[in-house]
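Chains, contacts and geometry: an overview
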Amino acid sequence: MKILAIESSCDETAAAVVENGRNVISSVVASQVEEHKLYGGVVPEIASRRHAEAIVPVVRQALEEANISLDGIDAIAVTYAPGLIGALLVGVNFAKGLSLSTGKPLVPTHHLRSHIASNYISNPDLKPPFLCLVVSGGHSHIVMVEDYTKMKIIGKTRDDAAGEAFDKAARTMGMSYPGGIELDKVAEDGDPFAFKLPRPVVHDAPYDFSFSGLKTAVINLIHNSAQKGIELNKPDVCASFRYAVVDCLVTNFLKAAEDYGVNKLVIAGGVSANSLLRRTLREKCDESGYEFYMPDKSLCGDNAAMVGSQGYYEFLSGNIAGTDLNAYATMSIE
Ligand code: KG4
Ligand code: ZN
């Protein structure tokens with residue numbers, strides 16, 4: 001079964017053709033990031049306009065690269081939640097139009113579920129159940145993936161998402177949006193023990209995260225030093241901050257795995273590209289005898305291949321929408 005998948009939840013317009021949820025035949029991503037960099041973050045109004053401009057050529061290119069016409073497509077999957085509402089609406093309305101004109105079924109797909117599904121592409125043997133750490137620019141969740149379309153949130157952030165904290169700390173150090181990627185690179189040359197930063201915990205909720213205090217601590221460190229005319233070693237600040245964030249993520253994730261008796265661990269979302277997070281979990285899982293899976297780095301950020309993968313499992317579970325499908329800025333992964 002071949003699915004044409006469409007993604008437009010944030011600042012990437014993407015389309016892909018995916019066969020049976022696992023085999024990516026084509027995947028096209030048009031990123032708007034260079035334009036949003038000028039403003040230090042995603043400007044929703046600009047994002048919607050750029051999606052509207054890009055959607056037709058991006059879908060056309062995905063079909064061309066797959067060497068397939070719409071006749072050869074069996075269903076159309078589209079990200080309908082969560083995300084920027086104006087951005088989501090471009091993909092949803094386009095997919096609705098395509099479904100109506102071709103008669104192909106329309107499969108609404110949740111963005112975070114798709115991030116998890118990026119693992120099905122990179123790890124062909126991976127099957128639920130497993131425990132997944134979903135870390136993106138907008139979310140930080142520990143999710144029990146009981147089946148492809150059955151999930152339960154075990155823990156989540158009470159304030160900032162991990163990606164958001166990375167981006168804000170990076171911005172304070174003068175890195176351009178989305179700074180998490182550059183911060184990760186610069187941190188490779190720094191000492192993670194150079195600055196002592198807090199590891200916030202949420203009382204009575206051992207699997208929940210809180211990154212806003214940690215973010216404020218690093219921002220205060222940078223500002224206070226600047227006021228005193230002290231020049232901080234940037235790689236050391238990046239390494240110390242990255243270590244603190246990863247430490248919080250890994251500690252809670254491994255505790256949840258132990259408490260719930262799960263031995264298959266998976267990571268997903270933009271922050272799953274973080275080098276320290278990948279290294280640390282690889283090591284810890286090898287030591288503890290857990291199976292560990294991560295998406296290929298190229299599939300960590302937003303793309304439509306992962307939508308085509310999750311869309312396949314949504315279709316199999318009977319999740320098919322009519323042309324009254326709407327987009328939603330927020331929606332639980334459950
Ligand atoms: O999943 P994603 O592409 O978009 C959302 O659904 O939010 O995640 C984007 C986030 C950004 O905050 C970005 O800085 C972060 O993922 N990110 C990273 C790395 N690569 C991307 N954060 C830390 N280290 C990285 N290597
Ligand atoms: Zn995402």
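1. Considering the overall build of the chain
The helix and strand inventory of the chain stands at ten helices and ten strands. Taken over the C-alpha trace, the chain has a radius of gyration of 20 Å; the compact-globule value for 334 residues is 20 Å, and the two agree within 12%. Of all 334 residues assigned to the chain, the portion counted as buried reaches 54%. Positive and negative side-chain charges of the chain, numbering 30 and 40 respectively, have mean locations separated by a distance of 2 Å.

2. Some thoughts on the coordination of the zinc ion (ligand 2)
Donor atoms from the polypeptide that bind the zinc ion (ligand 2) are His 111 (NE2), His 115 (NE2) and Asp 302 (OD), placed at 2.0 to 2.1 Å. Spacing between the donor residues of the zinc ion (ligand 2) along the chain follows H-x3-H-x186-D. Of this pair, His 115 sits in helix α4 (residues 111-122) while Asp 302 sits in the loop between β10 (291-293) and α10 (305-316); the two residues are 187 residues apart in sequence, bridging distant segments of the chain. With respect to burial, His 115 and Asp 302 carry one shared label: buried.

3. Here we look at the domain arrangement of the chain
Segmentation of the chain into domains returns domain 1 (2-116 + 300-316) and domain 2 (127-294). Computed over C-alpha atoms only, the centres of domain 1 and domain 2 are separated by 27 Å. The interface of domain 1 with domain 2 comprises 17 residues on the first partner and 21 residues on the second. At the boundary of domain 1 with domain 2, total buried surface from both sides reaches about 1,500 Å², with 71% on carbon and sulfur atoms.

4. Let's talk about the side chain of Ser 9
Secondary-structure assignment places Ser 9 in the loop between β1 (2-7) and β2 (12-19). Its relative accessible area of 3% is what places Ser 9 among the buried residues. Engagement of the side chain of Ser 9 in a polar contact is seen with the side chain of His 111, the distance being 3.4 Å. Sequence-distant contacts of Ser 9, defined by excluding residues within four places in its chain, comprise Thr 79, Pro 82, Gly 83, Leu 84, Ala 87, Leu 88, His 111 and Asp 302.

5. Let's talk about the pairing of strand β5 (residues 106-110)
Among the five residues of β5, five are classified as buried, and the element is accordingly described as predominantly covered. Alternating residues of β5 divide into Leu 106, Pro 108 and His 110 and Val 107 and Thr 109, and every residue in both groups is buried. Of the pairings in the sheet, the one linking strand β4 (residues 75-81) to β5 comprises five bridges and is parallel in character. Its bridge partner lying in β5, Val 78 is registered against Pro 108. For the handedness criterion, the β-α-β arrangement of β4, helix α3 (residues 85-102) and β5 is classed as right-handed.

6. What to know about the pattern of salt bridges
One pass over the structure, following the stated rule, counts 15 salt bridges. Here Glu 35 and Arg 50 are joined by a salt bridge, their closest N and O atoms 2.7 Å apart. Of this pair, Glu 35 sits in helix α1 (residues 33-37) while Arg 50 sits in helix α2 (residues 44-65); the two residues are 15 residues apart in sequence, bridging distant segments of the chain. Residue Glu 35 is classed as partly exposed on the basis of its relative accessible area, which comes to 26%. Relative accessible area serves as the criterion here: at 26%, Arg 50 is assigned to the partly exposed category. Among the charged side chains, a network of salt bridges with common partners joins Asp 184, Glu 188, Arg 242 and Arg 279.

7. Things to note about the sheet that holds strand β8 (residues 150-156)
Strand order in the open sheet formed by five strands is β8-β7-β6-β9-β10, and the pairing between neighbours is mixed. The sheet terminates laterally at β8 and β10, the two strands that pair on one side only. Taken pair by pair, the neighbouring strands of this sheet meet at an average axis angle of 25°, ignoring direction. As paired elements, strand β6 (residues 130-135) and strand β7 (residues 140-147) share six bridges and run antiparallel to each other. Bridged to Val 135 within β7 is Ser 140. Contacts from helix α8 (residues 234-260) reach β6, β7, β8 and β9 (264-268) within the one sheet, and its direction differs from that of β6 by about 160°.

8. Details of α8
The end-to-end C-alpha distance of α8 is 39 Å, a good match for the 39 Å that 27 residues give at a rise of 1.5 Å each. You can read the cap of α8 off the contacts: a side-chain oxygen lies 2.9 Å from the backbone nitrogen of Asp 236, and it is on Asn 233. Immediately beyond the C-terminal end of α8, within one or two residues, lies Gly 261, with a positive phi of roughly 65°.

Thresholds applied
Every chain's residues receive numbers from 1 upward, in the order its sequence appears when written. Chain labels run from A onward and ligand labels from 1 onward, assigned in the order the entries are written. Residue-level local features of this predicted model are given only where pLDDT is at least 70; pairs of side-chain atoms are given and counted only at 80 or more, and the full residue set underlies all totals for whole chains, interfaces and linings. Values shown for side chains rest on all heavy atoms present in the structure; no hydrogens or waters enter the calculation. Going along the chain from the N terminus, every DSSP run of H or I of four or more residues is numbered as a helix, and every run of E of two or more is numbered as a strand. Radius of gyration: C-alpha atoms only; globule rule: 2.2 Å multiplied by the number of residues to the exponent 0.38. Here's how the labels work: a residue is buried when its accessible area is under 20% of the maximum for its type, exposed when over 50%, partly exposed in between, all with a 1.4 Å probe on protein chains only. When charges are counted, Lys and Arg are positive and Asp and Glu negative, with His and the chain ends excluded. Charge placement uses NZ in Lys and CZ in Arg. For Asp and Glu, CG and CD serve respectively. Donor atoms (N, O, S) are those found within 2.8 Å of the metal centre, with the cutoff raised to 3.2 Å for Na, K and Ca; water is not part of the atom list, so apparent gaps in a site can occur. Here the limits of each domain have been adopted from an automatic or database domain assignment. Two residues qualify as a contact provided that any one of their heavy atoms is within 4.5 Å of a heavy atom in the partner residue. Note on definitions: buried area is the accessible-area loss of two parts on being combined, 1.4 Å probe, summed for both. Counting of polar contacts relies on pairs of N or O atoms within 3.5 Å, with two restrictions inside protein: one atom must be capable of donating a hydrogen and the other of accepting it, and residues adjacent in sequence are counted only when both atoms are side-chain atoms. A pair of strands is considered paired only if DSSP assigns at least 2 bridges between the two. For the handedness criterion, the strands are oriented away from the viewer, and a crossover whose path from the first strand over the helix to the second runs clockwise is classed as right-handed. Any Lys or Arg side-chain nitrogen located within 4 Å of an Asp or Glu carboxyl oxygen qualifies as a salt bridge. Angles run from 0 to 180 degrees between N-to-C directions of axes, and those axes are lines fitted to C-alpha atoms, restricted for helices to the stretch in contact. One less than the residue count of a helix, multiplied by 1.5 Å, gives the span that helix is expected to have.

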